[in-house]
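Reading the structure
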Amino acid sequence: MTRREAREQAFCLLFEQTVAGGSMEEILQAANQARDLAPNSFAESLAFGVEEHQEQLDQAISQNLRGWSLRRLSKVALTLLRMAAYELLYSKDVPGKVAINEAVELAKRYGGQGDSAYINGVLGSLARGGQQTDGSASSPEEPAQDSPEAGSL
């Protein structure tokens, strides 16, 4: 399984958690029983990492949303932002450009019109802003890209 496939698998698990709630352990257990799914170690690590740091990730994402709030984001966009933000802030072995590109590609596949551009802008702002894992942030060098059109997220 490639890392791209593992990210897609982690996205599906995290999306289910965003929509239905529950712990990642419960979701994995149900997925194993219902679909005979056995995520690889990278997918599991990503899913559990996002779950563990969700509060800090949401704070970091919120600080980089211009004129939006987490509540206004689609569940797909929120899940992808959390996953990519986790890789940007906590994964030492994943280059930032790779994390952003992978989230954008998944947004093109699963998101609505405008999601990929908005996700790219938010993550670019997060990457440029020097967001720290303790929740503190330095000022971004430049503002995020334009907000999505009304109703696209």
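The structure under discussion appears in the preceding block.
Anyway, here's the lowdown on the structure attached to this text.

Definitions and limits used
- Residues numbered from 1 in each chain as written.
- Predicted model: local features only at pLDDT ≥ 70, side-chain atom pairs only at ≥ 80, totals over all residues.
- Heavy atoms only, no water.
- Salt bridge = Lys/Arg side-chain N within 4 Å of Asp/Glu carboxyl O.
- Helix = DSSP H or I, 4+ residues; strand = E, 2+ residues; numbered from the N terminus.
- Buried < 20%, exposed > 50% of the residue type's maximum accessible area, 1.4 Å probe, protein only.
- Arc of directions from axis to C-beta.

Quick look at the pattern of salt bridges
A full pass over the atoms with the stated rule returns 6 salt bridges. Arg3 is paired through a salt bridge with Asp93; the nearest N and O atoms lie 3.1 Å apart. Separated by 90 residues along the polypeptide, Arg3 in helix 1 (residues 3–20) and Asp93 in the loop between helix 5 (75–90) and helix 6 (96–110) bring together distant segments of the chain. A residue is classified by how much of its surface remains accessible, and Asp93, at 52% relative accessible area, is exposed.

So, helix 4 (residues 54–62)
When helix 4 is considered as a whole, its buried residues turn out to be Leu57, Asp58, Ala60 and Ile61. Buried residues of helix 4, viewed axially, fall in a sector of 165 degrees; they line one side.

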